[in-house]
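Close look at the chain arrangement
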Amino acid sequence: MARTGTQWRTRPNLPLTHYVDPRVYTDRSIFEEEREKILEKTWAIVCHESEAPNAYDFRRCQHMSGKELLVVRGKDMKIRVFYNQCPHRGNVLAYEPSGNARRITCIFHLWSFDTKGNCVEITREKEGFQDRLSRKDVGLREVRSETDMGGFVWVNVDDDCGPLDAFLGDSTEFLRGELTAAPLEIMCYHKAIVPTNYKLWHDTNRDLYHEFLHRQNRLIAMGQPGYLDRRYHLHVHGHVTADPSVNSYENIEKGSGVERRMGWPGGESALHKLCNLFPTVTYNMRPPALRIDTMVPLGPEETIVEFRGLGVKGDSPEERRERLRDYNSFWGPFGRNLPEDFIAIVGQSIGLNHGRGSPYILHGREEETPHSEVCIRHYFAEWSRMMGRTAADPFGELPAVAAE
Amino acid sequence: MSRNATEWRRRPTLAPTHYVDPRIYTDRALFEEEREKIFKKVWSVVCHESEAPNAGDYRRCRHMSGKELLVVRGVDMKIRAFYNHCSHRGNLLAMEPSGNARRITCMFHQWSYDTRGNCVAITRQKEGYQDRVSRKDMGLREVRTEVGLGGFVWVNVDDGCGPLEEFVGDSLDYLKEELSAKPLEIISYHKAVVNSNYKLWYDTNSELYHDFLHHHNRKIALIQPGYWDRRVHVHDHGHVSVDSMECRYDAYEGNDGRQRRLGWPGGEVACHKLIDLFPTMTFILRAPAFRLDTMVPLAPDKVAIEFRGFAVKGDSAEDRAARVRDHNSIWGPFGRNLPEDEIAIVGQMMAMKGGDDSAYVLHGREEPSIQNEIGMRHYYGEWSKWMERGASDPFGNRAIAAAE
Amino acid sequence: MTTTGTATREPRGEPTGSGFESLAEREKAVRELVARTCLTMDAYDFAGYLDLCHPDFRYTITTYSPELRKDITWLDHDFAGMETLLEVLPLHASDHFLRLVMSRHLGVYTVAYSENDTRAAVVSGLQVFNTARDGGVTELLAVAKYHDVVALEGGEAKLLVREVRLDTRMLGETGSLIPF
C-alpha cells in the first residue's frame, strides 16, 4: 500500500543496525563532525608514488579532511608530505598540480623550503626579523605518511594516530599477491565533483546488489556460475573485502567479445577483487587493470571523487595499451560503468532532498551471497563507533520517541 | 626543521601584535560581526563624483555593508546617496549601473521619487490608500554622504557617525596637493569577485615586502635608489601612508624605454604615493595615473573588489591617452600587476580554508624601511578596537590557556 | 582604407592584385591567419604570434562600460609594445602559467576586401576558456569579437590591426596577463 506522511517517516521494523537516518547523508553539523572525528583521524590515500617518480618531484594533493597537501620526493628518494602552505602568510606553496623543484619557493615573498620541509631562506631575514624569528621555527608542517599497499601514499593528518598497518589490519591480505609481485605505475587519472554525499559513493562501491544497474555487469559477471556463492569478509575498522568474481568477457556484445588473456602479476587473470577501506578508499582489481577511488568530501552534498588507473611498471607498450583499453572501457570518464553509478548516487541525493521528508535508508539485506548488505552495515558500525552516534538515530531521538 | 601538528599550531614567539589568528580570515561568525561592528559604522568611498557628472545622473553602487545604494546628482548639482530601495514593496529602484533621470520611478508599481529622495507620486494613491498613507512619509532612506578630497563620494550608513573629516584625519594630507590641484575624472572601472578574504587584499595593498612577487616592481622599484629609505606612516583610525619614490618607467621593458614626463598636477613628475584607508580602501598615485581600490566583502572567503582609474579633467587628447596607457599597463584587467597580487590572495585562501588548520599568520617585520609590516599591525590594532577582540587571539583562547 | 562591406567578390580561379594565386587562396590565407593567431597564443608561442603580425601592427582591447557610460581601453600596443609585452610575460607570476590553461575558440563571421585588394576586414566571434590544470574543469573566461584588418601584400597575409571588443568585463578572479 502507498503510505501516508506518518507511515513514510516511520522507522522500519528492522534492527537499528539495518537502516540509517537519511540525515547522516545530508546534515551539515554531522558533516563537520565527521571531518573532525573521522576524516582528520584516519588514514587515506592521497596519490601513488609513481606520480612523483624522480628526486624533487612534487604533487599537489587534497587530503580528505580538505587540507591542501604537497607530496614531495626528496633527494634521498623518500616521499614526505607537507601542508601545501607557507608558514609566513599562509599562502599555498604549489599552485600547479605537479612539478619538480629542488627548493619550494613561495611566490608571494619568496620564502624557500627544501624537500625535507626545512625553511632554508627567509627573504631579508635579519633586516625584518632581527633575532626575533628563526628559520628553524618556521618549517613546513609535515604530516604522517607511509607508502604502502601497492606504492600508494597514505596520509593521516593526526600526529597521534596509530600506524597504517594497524589501521588496515588483515584487509590487505587478499590483494597482497597482486600488490607486491611488481611495482605499479599510474596510467590515468581523472576526477569528478559530484553533488552527493561521499558515503553514498562508498555504499555503492561496497554493495554488489546494485549490479542489476549495470548492463555490463549483468552480462559478464552475474550470469556466471558461482556468482552468488561469493561472500563478504569483514575486517577491522570497517573495511570489507568480497570474494573474487569470475568475469566472462565473451558475453560482452559487439567487438569486445574476446576473452581477456592478460592478467596481473601475482593474480589470476579473470578474477575481479574488491576491497573497500573505511572511510573513503576503494581498490578494484580487475585484471588487467587496477582502479583506486579516493574522495575529498567538500560538504554534506558535494564530493570530489578521484579515479586512478594503474598498470604494471615495465609493461610493454602493447601491454600498457591493453590495460588502458580495458580500464577505460569500464572506468574512464567515457567508460560504461562509472556514469551509471553516478546517476544512482546523484539520484539518491536528489531524492533525499536535504534530509527533509525522506524515509529511513535500508541496509537490511541478509543472505549468504554478495547481495547481503552486511558490507554497508559494517561501515556504519565503524562510523557510529568513531562518531559516538548511532547511524540509525544520530540525534538521539529514539528514547524520546519510546517515552511518548 | 619541518613541524608536527603541535609545533605548527604553536603561537609564534613574537609579540601578540605581530601575528594574527588565521581564523580572522575564515570564520563566518567573525565576518558577520565585522559587518555589524565595522562596515555599518565607518566611512568608505562608493564612487567618484565624475561618475554622475550632470544634474539627474545616478549611479547604482554597493556599500561595503552589502547594502544597495543609489548615488544621485540633484538639480542643485549636489550629490546625495539613498538606499536603492523602493519604499513601497522593497524593490530595487535602479537596475542599471548608471543613468539619468529627473524622477526615479520604480518599475514595479511606478511610485516616483525626485533627486532629493522625496516621494512625488504614488500610483492611484487616493483610490488605494485614501488618507491612510502620505507621500511625505514614503521618502527614500538617505544615508550620510560627503564628497571628500579629490571628488570621492563617501558614505556612512550609520546616521550617528562622526564627520568624514574626523575619520580621515591627516591621512590624506600627503595627497592633498595632487587631489586638489585639478578635478579628477574616471577613465577605467572594473571589478573582480575573488575567492579570498577582503583583509588579505588590504594586507597585500599595505605591505611592500611582497614587491618580490612582482617582476614589474623588482625592475622599476626595488633596485631604485631611495627604495629602502621610504617609511610607512601610521595615522588615526588605522590608516597608513607610504613615502613616495621615483617611479622609473625607463627601467622596465615594454614601456617604450622612456621616462614619463607627464606627471600629475600638484605632484612630482614620477611620484608614487600610496595611502591605505581602514577598512577597505587604497589610494595609489603613480604618475601619470591614479588608482582607487574599494571592496565589498561578500563572505569570509569572497570579496568583490572594484578598481577605478583616474586621469585629470581637461586633459589634452595626448595626455589622456598616455594616462590611460600607463594605468592599464599595470592596473587594468590586462595589466601586469593586479593578476599577480590576486593569485597570492587566492592562494592564501586555498591553503587556509581547507581543514581549518593553518599556522598563525605573521605580520612581524620591524625595520626602518618600506618592508616594515607596521602598516598591517596598525590596521589590526584598529580592527581590534572596533571588534573588541585581539586579532591574534580573537576567541580569547590565550586568556583561557593562561588561567588553566 | 575602404572596405566593400557585403560586396565581397566571389572567389575565382585567377590571380589577385595582392599577389595570391586565386581568390580562394586569398580567402584561405585570411582565415588561416586569424585562426593561427589563436593557435599560437594558445600554445604560449609568443614568437609565432608575432610572426603573423605586420610591422605596423596595432593591438587594442576595448569595451563599453555601462557603469561609466563610455568606452574603456584596457590594452593598446603597437608592434614593438606587443613584442616587449610578450617577451616579459613569462617572467611574471600568472594563473595562466600555474593553475590554468587558456583556450581561444573562434568563428570567422565576415571577411570584406578593400577595393585595391590589399586589405581584408575580418569580424570574428571569440570565446576564451580557462581549463584548470588540476582536474581539468573548464570555465568560460570571456566572450568578445575580433575586429581585424589583415594586410595582403605579395601573396602574404599579415595581421595589421586587431581590436578585441569585449563583452565580458569581469575576467575571472585575477584578470589576465595574457592578451586575447
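Look a little higher up for the structure.
The present account deals with the structure reproduced in this document.

**Brief notes about the overall build of chain A**
Looking only at helices and strands, one finds 11 helices and 19 strands in chain A. Over its C-alpha trace chain A gives a radius of gyration of 23 Å, about what one expects of a compact globule, namely 22 Å for 404 residues. Based on the C-alpha atoms only, the size of chain A along its principal axes is roughly 80 × 65 × 35 Å. Scored against the burial criterion, the 404 residues of chain A give a buried share of 58%. As displayed, chain A offers around 16100 Å² of accessible surface, 53% of which is attributable to carbon and sulfur atoms. Taken together, the 52 basic and 58 acidic charged side chains of chain A have centroids lying 4 Å from each other.

**Quick word on the pairing of strand S16 (residues 281–286) of chain B**
Residue and element names in this part refer to chain B. Within S16, 6 of the 6 residues are buried, leaving the element largely enclosed by the surrounding structure. Along S16, one buried face is formed by Met 281, Phe 283 and Leu 285 and the opposite face, lined by Thr 282, Ile 284 and Arg 286, is buried too. Of the pairings in the sheet, the one linking strand S15 (residues 272–277) to S16 comprises 6 bridges and is antiparallel in character. From the neighbouring strand, His 272 faces S16, where its bridge partner is Arg 286. Here S15 folds back onto S16, and the loop between the two strands holds 3 residues.

**Structural notes on the pattern of salt bridges**
Counted by the stated rule, this structure contains 72 salt bridges over all chains. Residue Glu36(B) is joined to Lys40(B) by a salt bridge in which the shortest nitrogen-to-oxygen separation is 3.0 Å. The exposure class of Glu36(B) is partly exposed, given its relative accessible area of 44%. According to the relative accessible area criterion, Lys40(B) is partly exposed, its value standing at 30%. Ionic pairing is found between Glu32(C) and Lys28(C), a salt bridge with its closest N-O pair at 3.5 Å. With Glu32(C) and Lys28(C) both in helix H1 (residues 23–42) and 4 residues apart, this pair spans about one turn of that helix. The exposure class assigned to Lys28(C) is partly exposed, which follows from its relative accessible area of 47%. When salt bridges that share partners are traced, they join Glu185(A), Asp315(A), Arg320(A) and Arg323(A) into one network.

**Focus on the sheet that holds strand S7 (residues 104–105) of chain B**
All names here are of chain B. Ordered by their spatial adjacency, 3 strands build an open sheet running S7-S8-S9, and the pairing between neighbours is antiparallel. The outermost strands of the open sheet, each flanked by one partner alone, are S7 and strand S9 (119–121). As paired strands, S7 and strand S8 (residues 112–113) are joined by 2 bridges and run antiparallel to one another. Each residue of the ladder has a partner; that of Ile 104, found in S8, is Tyr 113.

**Some remarks on the interface of chain B and chain A**
It is common to give the size of an interface as the accessible area that goes away when the parts come together. Contacts between chain B and chain A engage 42 residues on the former and 42 residues on the latter. Summing both partners gives a buried area of about 3400 Å² for chain B against chain A, and 52% of it is carried by carbon and sulfur. At the junction of chain B and chain A, the tally comes to 27 residue pairs in polar contact (both at pLDDT 80 or more). For the side of chain B that touches chain A, the secondary-structure elements that each account for two or more residues are helix H1 (5–9), helix H6 (198–206), helix H9 (338–353) and strand S19 (361–362) of chain B.

Basis of the calculations
Residues numbered from 1 in each chain as written. Chains lettered and ligands numbered in written order. Predicted model: local features only at pLDDT ≥ 70, side-chain atom pairs only at ≥ 80, totals over all residues. Heavy atoms only, no water. Helix = DSSP H or I, 4+ residues; strand = E, 2+ residues; numbered from the N terminus. Rg over C-alpha atoms; globule rule 2.2 N^0.38 Å. Buried < 20%, exposed > 50% of the residue type's maximum accessible area, 1.4 Å probe, protein only. Areas by Shrake-Rupley, 256 points an atom, 1.4 Å probe, with all protein chains shown as cover. Lys, Arg positive; Asp, Glu negative; His and termini not counted. Charge placed at Lys NZ, Arg CZ, Asp CG, Glu CD. Pairing = 2+ DSSP bridges. Salt bridge = Lys/Arg side-chain N within 4 Å of Asp/Glu carboxyl O. Contact = heavy atoms within 4.5 Å. Buried area = accessible area lost by both parts, 1.4 Å probe. Polar contact = N/O pair within 3.5 Å; in protein donor to acceptor, adjacent residues only side chain to side chain.

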